[in-house]
Amino acid sequence: GAVVSQHPSRVICKSGTSVKIECRSLDFQATTMFWYRQFPKQSLMLMATSNEGSKATYEQGVEKDKFLINHASLTLSTLTVTSAHPEDSSFYICSASPRGYHTDTQYFGPGTRLTVL
Amino acid sequence: KQEVTQIPAALSVPEGENLVLNCSFTDSAIYNLQWFRQDPGKGLTSLLLIQSSQREQTSGRLNASLDKSSGRSTLYIAASQPGDSATYLCAVRPEGFQKLVFGTGTRLLVSP
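**Student:** Report on unusual backbone geometry, specifying residues and quantitative values.
**Tutor:** Backbone torsion omega between His 7 of chain A and Pro 8 of chain A reads 0 degrees, so that peptide bond is classified as cis. Position of Pro 8 of chain A relative to the elements: it lies in the loop between strand S1 (4-7) and strand S2 (10-13). With an omega dihedral of 0 degrees, the bond running from Ile 7 of chain B to Pro 8 of chain B counts as a cis peptide bond. Topologically, Pro 8 of chain B is positioned in the loop between strand S1 (4-7) and strand S2 (10-14). With a phi angle near 45 degrees, Ser 83 of chain A is a residue other than glycine that sits in the positive phi range. Residue position: Ser 83 of chain A is located in the loop between strand S8 (76-81) and strand S9 (90-98). A relative accessible area of 33% places Ser 83 of chain A in the partly exposed class. The residue Ala 79 of chain B is not glycine, and still its phi comes out positive at about 45 degrees. Secondary-structure assignment places Ala 79 of chain B in the loop between strand S8 (72-77) and strand S9 (86-94).

The structure is reproduced here in structure tokens:
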């Protein structure tokens, strides 16, 4: 089956630093990848949609200059949290829609736990 | 704006019970609805996907129904087991969009 990986699975950083999270589709090409954020005991909230080779589309209220998304290839999207602060501590999950398949399907990564001290 | 709500927020049952999880959404213009399972600190596992033209889907002990016009879906779990303990999320895909809008989740605990 289709597998999506995320790296790292867990990261702890100091306030003010930048953190990059990778999302890879391991056995399929993904034209579209999605980045979600989940705060404790809350549901997933879509942050942005990224299409390969074009700029990401951000949801209302998500700062595009703070959460930089790059989808440079059909198997890799990255989310960079710039100048991270404690309020950015959250669980970040990506998903990917396969290229050439029915776009009903999104395959989810295992998530990245970010803790900003 | 599409909003998805799940009731109950938490549920604790003894092993063997049949149970129903509820999901409601405010805008009936959806392309499909999915039920996911999330274990603590983990990603999502897709359980069932119902297209807007369908009424229900079944997989093993799981049955999901969809009443699009009333904005409701239910997930029925038969003969629950401790391994079913997890958070269950429903998500709708609005018409014209690829994104998913997630519900608030139901935390299920099945005791041996």
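Here the narrative resumes, following the displayed structure.
**Student:** I'd like a description of the interface of chain A and chain B, backed by residues and values.
**Tutor:** At the junction of the two partners, chain A supplies 20 residues and chain B supplies 19 residues. Together chain A and chain B conceal approximately 1,500 Å² of surface at their shared face, both sides included; 47% is due to carbon and sulfur atoms. Inspection of the chain A/chain B interface yields 1 salt bridge. Across the pair Glu 59 of chain A and Lys 99 of chain B runs a salt bridge whose closest N-O atoms are separated by 3.0 Å. Our count for the contact surface shared by chain A and chain B stands at 6 residue pairs in polar contact (both at pLDDT 80 or more). Of all the secondary structure elements, the ones that give two or more residues to the side of chain A that touches chain B are strand S4 (30-38), strand S5 (44-51) and S9 of chain A. Tallying contributions element by element places S4 of chain A first for the side of chain A that touches chain B, with 4 residues. Here the residues of the side of chain A that touches chain B sort into 8 nonpolar, 9 polar and 3 charged.

**Student:** An account of the sheet that holds strand S7 (residues 67-73) of chain A is requested, with residue identities and associated values reported.
**Tutor:** All names here are of chain A. Spatial strand order, S1-S3-S8-S7: 4 strands in an open sheet with antiparallel pairing. On the outer flanks of this sheet lie S1 and S7, each paired with one strand and no other. The average undirected angle you get between the axes of adjacent strands in this sheet is 15 degrees. In this structure, S7 lies alongside S8, joined through 5 bridges in antiparallel fashion.

**Student:** Explain the pairing of strand S3 (residues 19-25) of chain A to me, using residue names and the numbers behind them.
**Tutor:** Residues and elements named next belong to chain A. What you see with S3 is a clean split: Val 19, Ile 21, Cys 23 and Ser 25 sit on the buried side and Lys 20, Glu 22 and Arg 24 on the side with no burial. When S1 meets S3, the two strands line up antiparallel, connected through 4 bridges. The residue bridging Val 4 from the neighbouring strand is Ser 25, located in S3. The pairing of S3 with S8 spans 6 bridges and is classified as antiparallel. Residue pairing for S8: Ile 21 is matched across the bridge by Leu 79.

Basis of the calculations
Residues numbered from 1 in each chain as written. Chains lettered and ligands numbered in written order. Predicted model: local features only at pLDDT ≥ 70, side-chain atom pairs only at ≥ 80, totals over all residues. Heavy atoms only, no water. Helix = DSSP H or I, 4+ residues; strand = E, 2+ residues; numbered from the N terminus. Buried < 20%, exposed > 50% of the residue type's maximum accessible area, 1.4 Å probe, protein only. Contact = heavy atoms within 4.5 Å. Buried area = accessible area lost by both parts, 1.4 Å probe. Salt bridge = Lys/Arg side-chain N within 4 Å of Asp/Glu carboxyl O. Polar contact = N/O pair within 3.5 Å; in protein donor to acceptor, adjacent residues only side chain to side chain. Nonpolar A, V, L, I, M, F, W, Y, C, P; charged D, E, K, R; others polar. Pairing = 2+ DSSP bridges. Axes fitted to C-alpha atoms, helices over the stretch in contact; angles between N-to-C directions.

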